[in-house]
Amino acid sequence: MGAGHAHRLYRHGHSPVHALPPHTKLAAVFAFVVVVVSTPREAMWAFGLYAVLLGVVAYVARVPARFLLKRLLIEVPFVAFAVLMPFVAEGERVEVLGMSLSVSGLWGAWNVLAKGTLGVAASVLLASTTELRELLLGLQRLKLPPLLVQIASFMIRYGDVITDEMRRMRIARESRGFEASGVRHWGVLAKSAGALFIRSYERGERVHLAMVSRGYAGSMPVIDEVTASRAQWSYALALPVTALVVCVVGWTL
Amino acid sequence: MDPVTASLEVTGLAFAYPDGHQALFGVDFSIARGERVALLGPNGAGKTTLVLHLNGILGGGVGSVKVAGLPVDKQHMAEIRRRVGIVFQDPDDQLFMPTVREDVAFGPAAAGLKGDELEARVRTALERVGMAEFAHRPPHHLSFGQRRRVAVATVLAMEPEILVLDEPSSNLDPASRRELADILRSLDVTVLMVTHDLPYALELCPRSLILSEGTIAADGKTAELLTDEELMRAHRLELPFGFDPRSVTMGA
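Computed from a prediction, not measured in an experiment: that's the story for all the values here.

## Observations concerning the sheet that holds strand S5 (residues 70–71) of chain B
All names here are of chain B.
Then, number 1: A sheet is described by the order of its strands in space; here four strands give the open sequence S2-S1-S4-S5, paired in antiparallel fashion. For this open sheet the edge positions go to strand S2 (22–31) and S5, each flanked by a neighbour on one side alone.
Then, number 2: Two strands pair when backbone bridges link them, and strand S4 (residues 62–67) and S5 are joined in this way by two bridges, in the antiparallel orientation. Within the sheet, the bridge partner assigned to Val-67 lies in S5 and is Leu-70.

## Some points on the nonpolar core
Then, number 1: Within the largest apolar cluster, 59 residues are counted, with the highest numbers of intra-cluster contacts made by Leu-40, Val-104, Leu-126, Leu-163 and Leu-165 of chain B.
Then, number 2: The element that contributes the greatest number of residues to this core is helix H6 (residues 144–156) of chain B, accounting for six residues.
Then, number 3: If near-sequence neighbours (up to four positions away) are discounted, Leu-163 of chain B is found in contact with Gly-85, Val-87, Val-155, Leu-156, Leu-184, Leu-187, Val-189, Thr-190, Val-191 and Leu-192 of chain B.
Then, number 4: Counting 30 residues, the second largest nonpolar core, distinct from the first, contains Leu-26, Leu-53, Ala-58 and Ala-114 of chain A.

## Looking at the UniProt feature "domain: ABC transporter" (unreviewed entry) in chain B
Then, number 1: Those places that UniProt annotates as "domain: ABC transporter" (unreviewed entry) correspond, in this numbering, to residues 8–238 of chain B.
Then, number 2: Annotated as 39% helix and 26% strand, the span residues 8–238 of chain B places its first and last C-alpha atoms 28 Å apart.

## Here's the deal with a nonpolar patch on the surface
Residues and elements named next belong to chain A.
Then, number 1: Together, Val-83, Leu-84, Phe-87, Val-88, Val-94, Val-96, Leu-97, Met-99 and Leu-106 make up a nonpolar patch on the protein surface, roughly 820 Å² of accessible area in all.
Then, number 2: For the nonpolar patch, the secondary structure elements donating two or more residues are helix H5 (76–88) and strand S1 (93–96).
Then, number 3: It is H5 that provides the largest number of residues to the nonpolar patch, a total of four residues.
Then, number 4: With respect to the helices, strands and loops of the structure, Val-94 is situated in strand S1.
Then, number 5: With a relative accessible area of 31%, Val-94 lands in the partly exposed category.

## Quick look at the interface of chain A and chain B
Then, number 1: Contacts between chain A and chain B engage 28 residues on the former and 32 residues on the latter.
Then, number 2: Note on chain A versus chain B: buried area summed over both sides is about 2,700 Å², and carbon and sulfur give 61% of it.
Then, number 3: Linking chain A with chain B are six salt bridges.
Then, number 4: Between Arg-133 of chain A and Glu-102 of chain B there is a salt bridge whose closest N-O contact spans 2.4 Å.
Then, number 5: If you look at where chain A meets chain B, you find twelve residue pairs in polar contact (both at pLDDT 80 or more).
Then, number 6: Breaking the side of chain A that touches chain B down by element, the ones donating at least two residues are helix H8 (146–175) and helix H9 (186–213) of chain A.
Then, number 7: Looking at the side of chain A that touches chain B, the element that brings in the most residues is H9 of chain A, giving eight residues.
Then, number 8: Split into classes, the residues belonging to the side of chain A that touches chain B amount to 15 nonpolar, six polar and seven charged.

## Concerning the domain arrangement of chain A
All names here are of chain A.
Then, number 1: The assigned domain composition of chain A is domain 1 (16–139 + 227–252) and domain 2 (145–213).
Then, number 2: Domain 1 and domain 2 are separated by 36 Å when their C-alpha centres are compared.
Then, number 3: Across the contact, four residues belong to domain 1 and four residues belong to domain 2.
Then, number 4: Across the interface of domain 1 and domain 2, roughly 300 Å² is buried in total on both sides, 92% from carbon and sulfur atoms.
Then, number 5: When the area that domain 1 buries against domain 2 is broken down by residue, the three leading residues are Leu-132, Leu-136 and Leu-139, summing to 94%.
Then, number 6: Connecting domain 1 to domain 2 are zero salt bridges.
Then, number 7: Our count for the domain 1 to domain 2 interface comes out at zero residue pairs in polar contact (both at pLDDT 80 or more).
Then, number 8: Its residues placed into classes, the side of domain 1 that touches domain 2 shows three nonpolar, no polar and one charged.

Conventions we followed
Residues numbered from 1 in each chain as written. Chains lettered and ligands numbered in written order. Predicted model: local features only at pLDDT ≥ 70, side-chain atom pairs only at ≥ 80, totals over all residues. Heavy atoms only, no water. Pairing = 2+ DSSP bridges. Helix = DSSP H or I, 4+ residues; strand = E, 2+ residues; numbered from the N terminus. Core = buried A, V, L, I, M, F, W, Y, C linked by side-chain atoms within 4.5 Å. Buried < 20%, exposed > 50% of the residue type's maximum accessible area, 1.4 Å probe, protein only. Contact = heavy atoms within 4.5 Å. UniProt positions renumbered as here; feature names shortened; annotations may be inferred. Patch = residues over 30% accessible without salt bridge, like charges linked within 9 Å, V, L, I, M, F, W, Y side chains within 5 Å. Areas by Shrake-Rupley, 256 points an atom, 1.4 Å probe, with all protein chains shown as cover. Salt bridge = Lys/Arg side-chain N within 4 Å of Asp/Glu carboxyl O. Buried area = accessible area lost by both parts, 1.4 Å probe. Polar contact = N/O pair within 3.5 Å; in protein donor to acceptor, adjacent residues only side chain to side chain. Nonpolar A, V, L, I, M, F, W, Y, C, P; charged D, E, K, R; others polar. Domains from an automatic or database assignment.

Here it is in structure tokens:
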């Protein structure tokens, strides 16, 4: 199955997590993130438990820790903001290593950092165990508007075609001695972008023609029916349900 | 070889684009079931316009098109599009689904086929073009020749009455060209092949039509048309350098 179109985040494997139907995984990750976000930030131990839960999932999915940690780096630009919070926030202050930090800022930073990291880790796990194509089927199954699913699937199909077209235009420009080196050349680049847009638009029309010629009448025919058994659902939902228990305990303590 | 109804029957077809440009001026021809016919003509002769009339993408002009006796009109559009399989020139336009299998399944699934029946249809179509082992590959990972073959399969999967190919040999290397010719010869469907590639037309199609300035200028045996130098010159058709149709012996 699926020798090709493995996206870079996907890690090929045959674990029980890989085998779960995509929509159950999507639902589970979404529910997990909601639970994590609604946990009180003071319950630090809860976040530790969530991390352990994700660790268990990664272990079952046979996703190595190194792989997971490397993918987590994507959140760095987003949490950079969190690091600033203790310095700029108002209110009561504490001394840490000779620096005056705001208490509420520290809590805020912790909140963003912990919840963000857990959310990203859950998404990375989803992406590394589910193929792009499957994700789309899952979204379709979860009743995402069909138009959005179609747009996403065309993006996957034509991303490479358009990148290639862009590359050919660049080569054509450079073959005629053009080198983008400053603001003065932005005009040329803008015209190339415009030409690319028109080419893509015309391709869109030709694709539509080809679709209509094969009986397309406004909605995509269902080719692959994805279904999940009760066991598969409960297997997938084990993660968010356990997390929910942790969350509820966090609120009551 | 005496088919009751022609696969394709075009009578008095004329068409002008909304901008006033008249592309077809009364086109008449008919193609019998099982025939392989080449449609030759210079650029701008109206070949593409004609092709788009065959499955009702364009219409509203004068004249009529019938596919296996069924008129091309609003009422029969779904059936017509199932019966007329058009293979467009750029396979990247034709193959729009994420995997080969889903692309081939698109047509039959749109026609309401499901489950095992659908799978069987997809498998047979891919086997006929020798691409069965590529079913789960995304189209952009295939070579150009392979993509063209898959494009043929997407149309075969609909079990069409007539296969219409727009420039089937364009951009193919000689080996892919020959492979495609072998596949086209092995099919038992009516074929209308729009092309500039005169040797390819001679190789595959016993009969040819020349479309020039919106009308059928000639209709006859491909070998005879290609050797009629005056006719060829009159319609801007030129044989490639060194190619002499008289020196070619045809098997079929």
